[in-house]
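# Structural overview for review
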Amino acid sequence: MTQAPAQENCSNSSALWRDYKRFIPTEESPIFTMRINYVVPQRSDGSGNFQADDPEHMALLKGSLRTINKLWGNLKEPKDTDCYPYDDFLPDSYIRFELNEIIFVQNDYFWNAENGSGCPNQRNWFLNELDEEINKDPRYAGAINIFLPNMPKGYEEVVVQKSSVDPPDAPPPCSELPSNQELDRSSRINMAGSYNKFWWMKNIVPGNKEYAAEGKNWNDHINYWMSGSFNHTMTHELGHSMGLNHANEHHKRNECDESIMNQRHGKPHNYLQPTELGKIHRNLRMTNIREFLAEEVYSPIPFVIDEDTEFSMSFRAYEDIIVKSGATLTISCDLDLPEQADVIVEPGATLIINDGMIHHRNAPDPEGAIILQKEKRCFLRKKGKESAAAIDQSDPSSYQGRIVVKKVKRKKD
């Protein structure tokens, strides 16, 4: 949908942003499914990376989603009590990932990860141009882009010359955190050298005398290790894409062994604190990652405003919003609603539209402005740039308890 112009100060932090515990999911929460693209740059002749016609290559990439979703959907209670001091463990993150497309690109420059740094959050990252082209294509837009460029030196030594028995060098994976300022920004992960590692583990590692003596071969053992390493790494990097860091208020960097955000190899990567889940689900409302949902989400569980609250950042709701009696909701920025949702203002509550705009997602007229329908004994009071929809409490029984949000065409300037 076309985004409305950003209001002044709407990209700044707000009290609602800092209150991420408010967004911790419950057992009634809907599942949010995120779309991802794997982007596979090959050399100009089509060599040098995973191949679309190789079943083993496709099994690794397509099959990764099964493990990733299992880790995100079947969280385990940590054995280490230092991970989290409370007993409100959640067995599900309510986050899943869906493969949108595997994109093959034949280009020597994009294939060569040595053409730039490993981190896509740098302004001049060497794959920015490719990322922009992908996001212009409606087949691929609206997904987290996971780039798999290769390392020429490792490819030459391990794959071409087969002259090295050592693991091929590669930069550490790197991801982008969400942005609450650039809401139309893409999200990228760089996993350079993944193909070299795959080829090395398939063709070099089985020749290791120790492994051979133990009967450990590619099909039964080493392929499992390779896939597990790739999947766990991807699970961790997607955690960054959703807004998580290596440390949080409960533990320092890598001090919770079970956490998805632990960087060490061989860890289970099957746990997240409820507070970390609150950050993710907040980010799905107030950052650019909300644009990568695979499908529209509507929850029958309302978002309740029971104390004075201001939406001073662009806010995407996934449910009805109920303003309880005695509370005031002030909308100073865009409020984005599901098409079937309402803003419900109880008798004794107040809704203030202060330079903000309420609009429905995926409505037939996405450019539509909003009117507030007045009901019995309900009136519209203007205050400068503000307009407040308030309840006449002299006869509360005459008020039906709902402000209905309707779509109307915005007048052209």
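Cut-off values and rules
Residues numbered from 1 in each chain as written. Predicted model: local features only at pLDDT ≥ 70, side-chain atom pairs only at ≥ 80, totals over all residues. Heavy atoms only, no water. Helix = DSSP H or I, 4+ residues; strand = E, 2+ residues; numbered from the N terminus. Buried < 20%, exposed > 50% of the residue type's maximum accessible area, 1.4 Å probe, protein only. Contact = heavy atoms within 4.5 Å. Areas by Shrake-Rupley, 256 points an atom, 1.4 Å probe, with all protein chains shown as cover. Pairing = 2+ DSSP bridges. Salt bridge = Lys/Arg side-chain N within 4 Å of Asp/Glu carboxyl O. Core = buried A, V, L, I, M, F, W, Y, C linked by side-chain atoms within 4.5 Å. Polar contact = N/O pair within 3.5 Å; in protein donor to acceptor, adjacent residues only side chain to side chain. 1 Å grid on protein atoms, 1.4 Å probe; cavity = no way out; pocket = protein on both sides within 12 Å on 5 of 7 lines; lining within 4 Å. Points joined across faces, edges and corners; volume = space filled by probe spheres on them. Nonpolar A, V, L, I, M, F, W, Y, C, P; charged D, E, K, R; others polar. Arc of directions from axis to C-beta. Phe/Tyr/Trp six-rings, centres within 6.5 Å; stacked < 30°, edge-to-face > 60°. Lys NZ or Arg CZ within 6 Å of the ring centre and 35° of its normal.

## Some remarks on the overall build of the chain
Looking only at helices and strands, the chain features 9 helices and 18 strands. For the chain, with 413 residues in total, the buried portion stands at 53%. Counting only contacts in the chain whose residues sit at least 6 apart along the sequence, the fraction spanning at least 24 positions is 67%. Of the roughly 19,900 Å² that the chain leaves accessible, carbon and sulfur atoms contribute 45%.

## A closer look at the sheet that holds strand β4 (residues 174-175)
Strand order in the open sheet formed by 5 strands is β2-β1-β3-β5-β4, and the pairing between neighbours is mixed. Because the sheet does not close on itself, it has two edges, and the strands there are β2 (95-106) and β4. Relative to β2, strand β1 (residues 32-42) is paired through 11 bridges, and the arrangement is parallel. By the bridge assignment, Gln 42 is partnered in β2 with Gln 106.

## Regarding the pattern of salt bridges
A full pass over the atoms with the stated rule returns 18 salt bridges. A salt bridge links Lys 216 to Glu 214, with the nearest nitrogen and oxygen atoms 2.9 Å apart. Across the pair Asp 336 and Arg 361 runs a salt bridge whose closest N-O atoms are separated by 3.7 Å. Of this pair, Asp 336 sits in strand β11 (residues 334-337) while Arg 361 sits in the loop between β14 (357-360) and β15 (369-373), and the two are 25 residues apart along the sequence. Per residue, the accessibility class of Asp 336 equals that of Arg 361, and both read buried. Connected via shared salt-bridge partners are Arg 290, Glu 291, Glu 296, Arg 316, Asp 336 and Arg 361.

## Notes on the nonpolar core
In terms of nonpolar packing, the biggest core is built from 52 residues, with Tyr 38 and Phe 97 touching the most fellow members. Core analysis: the next-biggest nonpolar cluster, separate from the first, contains 24 residues, Phe 315, Ala 317, Val 323 and Ile 358 among them.

## Notes on the side chain of Asn 288
Here Asn 288 is to be found in the loop between α9 (274-286) and β6 (303-305). For Asn 288, the side chain forms a polar contact with the main-chain oxygen of Ser 186, separated by 3.4 Å. In this structure Asn 288 touches Pro 178, Ser 179, Glu 182, Leu 183, Arg 185, Ser 186 and Ser 187, once residues within four positions along its chain are discounted.

## Points about the layout of surface pockets
Of the pockets and cavities examined, the largest pocket occupies roughly 900 Å³. Along the walls of the largest pocket sit 38 residues, with Pro 172, Pro 173, Met 191, Thr 233 and His 265 positioned nearest its centre. Elements that contribute at least two residues to the lining of the largest pocket include exactly β4, α6 (194-203) and α8 (218-241). When residues of the lining of the largest pocket are assigned to their parent elements, the largest contribution, 9 residues, is made by α8. Considered class by class, the residues forming the lining of the largest pocket number 14 nonpolar, 17 polar and 7 charged.

## Brief notes about helix α5 (residues 152-160)
Residues Pro 152, Gly 154, Tyr 155, Val 158 and Val 159 constitute the buried set of α5. Here the buried residues of α5 occupy an arc of 150° about the axis, which is enough to place them on one side. Residues of α5 that are buried in the fold lie against α3 (108-111) and α6. Following α5 by one or two positions, Lys 162 has its phi on the positive side, about 50°.

## Comments concerning the packing of aromatic side chains
For any pair of aromatic rings, the description consists of the separation of the ring centres together with the inter-plane angle of the planes. Counted according to the given criterion, the structure contains 20 aromatic pairs. Centre to centre, the rings of Trp 72 and Phe 97 are 5.4 Å apart; their planes meet at 70°, and the pair counts as edge-to-face. Pair noted here: Trp 72 is in helix α2 (residues 55-73) and Phe 97 is in strand β2, with a separation of 25 residues, a long-range link. This pair shows no difference in class: Trp 72 is buried, exactly as Phe 97 is. A connected cluster of aromatic rings, assembled from ring pairs, spans Tyr 109, Phe 110, Trp 125, Phe 126 and Phe 147. Seen from the ring of Trp 17, Arg 282 lies directly overhead, with NZ or CZ sitting 3.6 Å from the centre.

## Some remarks on the pairing of β11
Burial along β11 is two-sided: Asp 334 and Asp 336 facing one way and Leu 335 and Leu 337 facing the other are all buried. Pairing analysis gives 2 bridges linking strand β8 (residues 315-316) to β11, with the strands arranged parallel. Bridging from a neighbouring strand, Arg 316 pairs with Asp 336 of β11. Sheet topology note: the β11/β14 ladder contains 4 bridges and is parallel. Each residue of the ladder has a partner; that of Leu 337, found in β14, is His 360.

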